[in-house]
Amino acid sequence: MKVRSIHINQPTLTVVPLGNRLFGLAHPQEISMYTDEGCFLTKFKQGFVTNFRSGGLFVDPFIDQVGDQNKALVYLIHDALYTPCDACGGEHPLSRKLADEILRAALIWAGMSPGVAGLVYRSVRLFGKSAYENDDKLTATNRALFSFQWTA
C-alpha cells in the first residue's frame, strides 16, 4: 500500500497532555488519508485519548513519542484502528495486519525512512497483539469517540 496524502480539517492538531504519556484531542478532528487503495476517513470527537506512538519507553531513544504533526496524525489513526469502534458495530475498523501495513506506509509518507518505518512495523507486529485484542478502560471510552469509513 502507498499513502499519497493525509489531510486534516483543522490547521493544526491540538491536544491536551493528560499525564502518563497520554494526550486528549482538544477539538474534533477529521483526517482523510488517501492511498492507492482508496480513502480512509477517520472522524474523532474531542477527548479521544492517544499516546501518539506504537511502543513503550524502550523505543524512546530511537523514535520520538509524538514527532511532527504528520507523524502524530499517522499514530493517531493507528491508535484508532487498534480500537473497537461503536460506529463499526463494536468491531475494529480494520484487521490488525492491515492497520499495521497502513502505519508503515503512512510513516514513510510522513518522512520516516523506510528502514525505521520497517522497524516500527515489525515492532507492532511482534508486540501489538495485546493492544489490539485487549480492551481496557481507555478503550471503552475511545470506542465511542471516533468513526471510520473506507471508500475504495
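Now for a quick tour of the structure.

## Here we look at the packing of helix α1 (residues 69-81) against helix α2 (residues 96-109)
The relative placement of two packed helices comes down to the angle between their axes together with the axis-to-axis distance.
Right, on to step 1. One way to put it is that α1 packs onto α2 with a least axis distance of 9 Å and a crossing angle of 175 degrees. When the interaxial angle is binned, α1 and α2 end up roughly antiparallel. Facing Asn-70, Lys-71, Val-74, Tyr-75, His-78 and Leu-81 of α1, the residues of α2 in contact are Ala-99, Asp-100, Ile-102, Leu-103, Ala-106, Leu-107 and Trp-109.

## Some thoughts on the sheet that holds strand β4 (residues 29-35)
Right, on to step 1. Strand order in the open sheet made by the 4 strands is β1-β4-β5-β7, with antiparallel pairing throughout. The sheet terminates laterally at β1 (3-8) and β7 (146-151), the two strands that pair on one side only. Pairwise comparison of adjacent strand axes, ignoring direction, gives a mean angle of 10 degrees for this sheet.
Right, on to step 2. Inspection of the sheet shows β1 paired to β4 by 5 bridges, in the antiparallel sense. In the strand pairing of β4, Ser-5 is matched with Tyr-34.
Right, on to step 3. Sitting on the sheet, α1 is in contact with β1, β4, β5 (38-44) and β7, with an inclination near 85 degrees to β5.

## Section: the packing of α2 against helix α3 (residues 114-127)
Right, on to step 1. At a minimum axis distance of 9 Å, the contact between α2 and α3 shows a crossing angle of 160 degrees. Put simply, α2 runs roughly antiparallel to α3. Here α2 and α3 pass one another in a crossing that is right-handed. On α3, the residues touching Arg-96, Lys-97, Asp-100, Glu-101, Leu-103, Arg-104, Leu-107 and Ile-108 of α2 are Pro-114, Ala-117, Gly-118, Val-120, Tyr-121, Val-124, Arg-125 and Leu-126.
Right, on to step 2. Among the residues forming the contact of α2 with α3, the class breakdown is 9 nonpolar, 1 polar and 6 charged.

## Looking at the sheet that holds strand β3 (residues 22-25)
Right, on to step 1. In spatial order, the strands read β2-β3-β6; together these 3 strands make up an open sheet with antiparallel pairing. Unpaired on one side and paired on the other, β2 (15-19) and β6 (49-50) mark the two borders of the sheet.

## A few points about α1
Right, on to step 1. The end-to-end C-alpha distance of α1 is 18 Å, a good match for the 18 Å that 13 residues give at a rise of 1.5 Å each.
Right, on to step 2. Within α1, 11 of the 13 residues are buried, which leaves the element mostly enclosed by the surrounding structure.
Right, on to step 3. Within the sequence span of α1, burial applies to Lys-71, Ala-72, Leu-73, Val-74, Tyr-75, Leu-76, Ile-77, His-78, Asp-79, Ala-80 and Leu-81.
Right, on to step 4. Regarding α1, its N-cap is Asp-68, as a side-chain oxygen of that residue lies 3.2 Å from the backbone nitrogen of Asn-70 further along.

## Observations regarding unusual backbone geometry
Right, on to step 1. One non-glycine residue, Asn-20, lies in positive phi territory at about 55 degrees.
Right, on to step 2. Judged by its relative accessible area of 69%, Asn-20 is exposed.
Right, on to step 3. The residue Arg-21 is not glycine, and still its phi comes out positive at about 65 degrees.
Right, on to step 4. Mapped onto the fold, Arg-21 is located in the loop between β2 and β3.

## Observations concerning the pattern of salt bridges
Right, on to step 1. If you walk through the whole model with that rule in mind, you get 4 salt bridges.
Right, on to step 2. Across the salt bridge formed by Arg-143 and Asp-86, the nearest N and O atoms sit 2.7 Å from each other. One end of the pair, Arg-143, is in the loop between α5 (137-142) and β7; the other, Asp-86, is in the loop between α1 and α2, with 57 residues separating them in the sequence.
Right, on to step 3. In this structure, the salt-bridge partner of Glu-101 is Lys-97, at a minimum N-O distance of 2.7 Å. Residue Glu-101 and its partner Lys-97 are located together in helix α2, separated by 4 residues, close to a single helical turn.
Right, on to step 4. Take Glu-101: its relative accessible area is 24%, and that puts it in the partly exposed class.
Right, on to step 5. Three or more residues joined by partner-sharing salt bridges are found here, namely Arg-96, Asp-100 and Arg-125.

About the criteria used
- Residues numbered from 1 in each chain as written.
- Predicted model: local features only at pLDDT ≥ 70, side-chain atom pairs only at ≥ 80, totals over all residues.
- Heavy atoms only, no water.
- Axes fitted to C-alpha atoms, helices over the stretch in contact; angles between N-to-C directions.
- Helix = DSSP H or I, 4+ residues; strand = E, 2+ residues; numbered from the N terminus.
- Parallel < 35°, antiparallel > 145°, perpendicular 65-115°, else oblique.
- Contact = heavy atoms within 4.5 Å.
- Pairing = 2+ DSSP bridges.
- Left-handed = near helix turned anticlockwise from the far one by under 90°.
- Nonpolar A, V, L, I, M, F, W, Y, C, P; charged D, E, K, R; others polar.
- Expected span 1.5 Å × (residues − 1).
- Buried < 20%, exposed > 50% of the residue type's maximum accessible area, 1.4 Å probe, protein only.
- Polar contact = N/O pair within 3.5 Å; in protein donor to acceptor, adjacent residues only side chain to side chain.
- Salt bridge = Lys/Arg side-chain N within 4 Å of Asp/Glu carboxyl O.

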